[in-house]
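# Residue-level structure breakdown
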Amino acid sequence: MTSDSFSTSTIRAEDKAAWKRAVAKYQQPSTSRALWQITNTFVPYVLLWYLMYLSLSVSWWLIVPLAVLASGFLVRIFIIFHDCGHGSYFKSGRANDIVGFIAGMLTFTPYYQWRWEHAIHHGTAGHLDKRGTGDVWTMTVQEYLDASRWKRFAYRLARNPFVLFVIAPLYMFVIEQRFPSAKSNPRERRSVWWMNLAILCMAVVLSWIYGIVPYLLIQLTVTMISGAMGVWLFYVQHQFEDAYWERGDDWDYTAAALQGSSFYKLPRILQWFSGNIGFHHIHHLSPRVPNYHLQKCHEADPIFQRVKPLTLSSSLKSLAFRLWDEKAKKLVGYGRMRQLRREQRHRTRTGDEARDD
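Reference entry: report on the structure contained in this document. Predicted, not measured: the structure shown is a model, and the values here were computed from it. (Residues numbered from 1 in each chain as written. Predicted model: local features only at pLDDT ≥ 70, side-chain atom pairs only at ≥ 80, totals over all residues. Heavy atoms only, no water.)

### Overview of empty space enclosed by the protein
Counted under the stated rule, the structure contains 1 cavity of 30 Å³ or more. In this structure, the largest cavity encloses a volume near 150 Å³. Lining of the largest cavity is provided by 15 residues; of these, His121, Ala125, Gly126, His238 and Trp245 occupy positions nearest its centre. Contributions of two or more residues to the lining of the largest cavity are made by α5 (111-124), α10 (212-238) and α11 (253-260). (1 Å grid on protein atoms, 1.4 Å probe; cavity = no way out; pocket = protein on both sides within 12 Å on 5 of 7 lines; lining within 4 Å. Points joined across faces, edges and corners; volume = space filled by probe spheres on them. Helix = DSSP H or I, 4+ residues; strand = E, 2+ residues; numbered from the N terminus.)

Here is the structure:
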């Protein structure tokens, strides 16, 4: 969502009340919708793994397109996992936890620890003073100018597209999430070890069926592609030019949801595989709306039609955004930082010349 659609000053108490009423009726989970979504997502994913097993005796070239397709279904499985973590997928909390754990095993993500970290993300998205949990590392222009050479190098490396969308997802899903956060409580820490045990059992069984090398190659391929897709979706949901970042008491939850979360308008097939998560402004306004109701909620109230969407082509511009400019209130590329440095040097020279005179 862009700032020319809404501004912080337009978000009044009556607006917030209206939006809460608009989303309220879409917060009720549908068991039939949830079960059908599980059927048309988990079953094809398992079937694709079976077809890849049959293809082992024919050609690896048959496995590659099947692995790519399986990656798309794994992204959809992660959205189901995500909704279970919000408690929005089923009416039953136990059902959410069971399906969430199974989906977490398939996506290599510990359910309770991820749920805890993601709740922090929802409560702090767009808050400059509370960065660091469940978000993409984002520095302000001034922070970058004041940083050491090593920190600037590390930041550039972390924001490099190859690192961000290829290396980072593999590291995060395969390695980082195998260890509990030092800040988590005992239940979150235990969830990591239980998930590790479940993943190990799954890997042993599949290695016995496929052979350890074929299984690892297939699993890493599926994880790498789906991870890249997932990280890209998360990236463009919050990293666009007119996003929302504020400090202290200037930060507002509703503004962060409606201005700091994009409406990513994807082609129908990609919208299906991504579980409607492109309606991210609705999701951040009310995480209790399950993914299968997001589009209807968006279309239900005229106020949401004012949201300017990001398209597949326009979202590619987000790759050029690197730093938050607090003065301009928008994300900028490194060019803006270089411009500020030139201006700073010019002011220094002008000041020196004035003193000499």
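### Some words on a nonpolar patch on the surface
On the surface, a nonpolar cluster with roughly 810 Å² of combined accessible area is contributed by Leu47, Tyr50, Leu51, Tyr53, Leu54, Val205, Trp208 and Ile209. For the nonpolar patch, the elements supplying multiple residues, two or more each, are α2 (31-55) and α9 (186-210). Per element, the largest residue contribution to the nonpolar patch is 5 residues, and it comes from α2. Following the sequence through the fold, Leu47 ends up in helix α2. Under the relative-accessibility criterion, Leu47 is labelled partly exposed at 47%. (Patch = residues over 30% accessible without salt bridge, like charges linked within 9 Å, V, L, I, M, F, W, Y side chains within 5 Å. Areas by Shrake-Rupley, 256 points an atom, 1.4 Å probe, with all protein chains shown as cover. Salt bridge = Lys/Arg side-chain N within 4 Å of Asp/Glu carboxyl O. Buried < 20%, exposed > 50% of the residue type's maximum accessible area, 1.4 Å probe, protein only.)

### Observations regarding the side chain of Arg159
With respect to the secondary-structure elements, Arg159 resides in the loop between α7 (149-158) and α8 (161-175). Comment: no salt bridge for buried Arg159; closest opposite-charge side chain is Asp135, at 8.8 Å. In terms of polar contacts, Arg159 uses its side chain to reach the backbone carbonyl oxygen of Trp137, at 2.8 Å. Setting aside its immediate chain neighbours within four residues, Arg159 contacts Val136, Trp137, Thr138, Tyr235, Gln239, Phe321, Arg322 and Tyr334. (Lys, Arg positive; Asp, Glu negative; His and termini not counted. Polar contact = N/O pair within 3.5 Å; in protein donor to acceptor, adjacent residues only side chain to side chain. Contact = heavy atoms within 4.5 Å.)

### Some words on unusual backbone geometry
The phi torsion of most residues other than glycine is negative, and most of the peptide bonds are trans. In this structure, Phe108 takes a positive phi of about 60 degrees despite not being glycine. Mapped onto the elements of the fold, Phe108 is located in the loop between α4 (93-107) and α5. Exposure remark for Phe108: the relative accessible area of 8% places this residue in the buried category. Positive phi outside glycine occurs at Lys329, with the angle close to 60 degrees. Position of Lys329 relative to the elements: it lies in the loop between β4 (323-325) and β5 (330-332).

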